[in-house]
Amino acid sequence: MKIISLNMKKIALLAMSIGLFAACSSDDDTNVDDTSEEVSDSRWITVAAARMGEDPGDGNGGTLIYAVSTEDARNPDVTIAPFDNGFIAQSNRTARLQSSEDGTTIFNISYGGDTGGNFVRYTVEGGQNFVQSGSEINIAPYVGTAPRWVKLFDGDQTGAAVYVDNENEFDEDGNYLRTEATMGIVVLDLQNSEIKDFQEHSVTLSPEEEAEGYYISRIDMPALNAAGTKLYIGARLSKLDPATTESESDYEVLGSKTIVVDYPSLQNPTVITSTVGHGDTNGYRSINAFEYNGSVYQANQNDPEGSHILKIDANNQYDDSYDFNLDAALGVQGAYILAWRPAGNGKAVVAYRHNGSAEGVAGAQGFFALVDLNAKTGQTINEIPYDPDFYLFQYQGYVVQGSDIYLTQAAVGQNGNIYVVDTETGEVTKGAELVNATGSHFIGVF
């Protein structure tokens, strides 16, 4: 069993891969150039671990991170123990982490408590060594102490955090009219650690939907379109009884909806609706929408027919001719996408549960599948073990390197491993062992 140790040779090789060393001169021979290409594939893989608070799997005891090279991440003889020697990421509860595309930077916004809303950027230096870079800013005055945010796919330049507030409106006789949904959006300059813009808007549904008591109750997971001109914000709809204003739980689920705003101005909010998928598009902890081949592909949750992956085209409308239902693709009932990530080839790893998932210490949890966005097909990845106590609801991060996708698997309170899925061949590599702690779990890699 190999315990992680970072020697100078490995650090030097990794530094070369991210451009920290000067490029070779034009006099270098072909063999040197070939060697440089070989080491250029290496990068940091940051493992994130959520410590138990009061209940197993709640993640409320804080977040620890630990970085290893891709070589060590793929090596089953390596052990990684972030609960013993990891870096404590600032957050009273489970941190909301993002990483730069090359893995050299971790972006964190603290979730909850006295530090809630604090944005911090760390330079990754391997192991437990994360060095704060840039200034710390607080976005709580704009989006609260438990902000929902993601890094936009624009070359690590920008992050976006969102919130929604609700207030019931009545006529002069006290009759319910509608529920006002006020949306706030903060745009962050990730490189200079500063707030670029903040806008608030009223977000409306159709008069008929609002009269029946429907309203947007939660938003999350902004995604930038391919042209960089629109921001898509996932939404969850709730419903109340117009006669009593009491919340309802058994109601007709409407077509999946997304809020669209102009970017970068953050103006002109509109709501688009899918006729293929029904349910929520806000996801939970993991990025829920990705640009691929000119369109944005978005997962939905709580769909009565099982989760779909939906498609928003360049015209900023849902493509209702694209019907990718996970129930049909995997041969299950009640599929629920917990977290997912595509590679550049249009093939994706999906973490999901379904009606047949066993009940574990933190609820009915899930499996991993490999899906193809173009063929609209999928298959469960059986090489990754299933455990009823494998908690995926708080799962946040995958690492994509070429056609490979890195992920973590470990049941609550039990050791597990990093796994690497080659999305082209379907081959699965069992990597480094993850050492767990009582009641705790891993929330991904970055």
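Above this note sits the structure.
A. A look at the environment of Ser135. Structurally, Ser135 is set in strand β9 (residues 130-138). Ignoring any residue separated from it by four or fewer positions in sequence, one finds Ser135 in contact with Phe119 and Ser193.

B. Representation of unusual backbone geometry within the structure. The peptide bond linking Tyr263 to Pro264 adopts the cis configuration, its omega dihedral lying at 10 degrees. Tracing the backbone through its elements, the reader meets Pro264 in the loop between β16 (255-262) and β17 (270-278). Phi at Ser193 takes a positive value of approximately 50 degrees, unusual for a residue other than glycine. Residue position: Ser193 is located in the loop between β12 (176-189) and β13 (194-202). Among the residues examined, Ser193 registers a relative accessible area of 2% and is labelled buried.

C. Here's a closer look at the nonpolar core. Grouped together as the largest cluster of nonpolar side chains are 47 residues, with contacts concentrated most on Ile216, Ile219, Leu231 and Trp340. Per element, the largest residue contribution to this core is five residues, and it comes from strand β14 (residues 214-224). Among the nonpolar cores identified, the runner-up in size contains 20 residues, and Val47, Tyr66, Val78 and Val399 belong to it.

D. Expanded view of the pairing of strand β23 (residues 347-353). Counting buried residues along β23, five of its seven residues qualify, which places the element largely inside the surrounding structure. Adjacent in sequence and paired antiparallel, strand β22 (residues 336-342) and β23 are bridged by four residues, among which Gly346 carries a positive phi angle near 85 degrees. When β23 meets strand β26 (residues 367-372), the two strands line up antiparallel, connected through six bridges. Along β26, the bridge assignment pairs Ala351 with Phe368.

E. Structural detail: the sheet that holds β17. One open sheet holds the four strands; their spatial order is β14-β15-β16-β17, and the pairing between them is antiparallel. Looking at the sheet topology across the chains shown, the edges are occupied by β14 and β17. Across the sheet, the mean angle from the axis of one strand to that of its neighbour is 30 degrees, orientation sign disregarded. Judged from the five bridges that link them, strand β15 (residues 230-239) and β16 form a sheet pairing that is antiparallel. Across the sheet, Tyr232 pairs through a bridge with Val260, a residue of β16.

Parameters and conventions
Residues numbered from 1 in each chain as written. Predicted model: local features only at pLDDT ≥ 70, side-chain atom pairs only at ≥ 80, totals over all residues. Heavy atoms only, no water. Helix = DSSP H or I, 4+ residues; strand = E, 2+ residues; numbered from the N terminus. Contact = heavy atoms within 4.5 Å. Buried < 20%, exposed > 50% of the residue type's maximum accessible area, 1.4 Å probe, protein only. Core = buried A, V, L, I, M, F, W, Y, C linked by side-chain atoms within 4.5 Å. Pairing = 2+ DSSP bridges. Axes fitted to C-alpha atoms, helices over the stretch in contact; angles between N-to-C directions.

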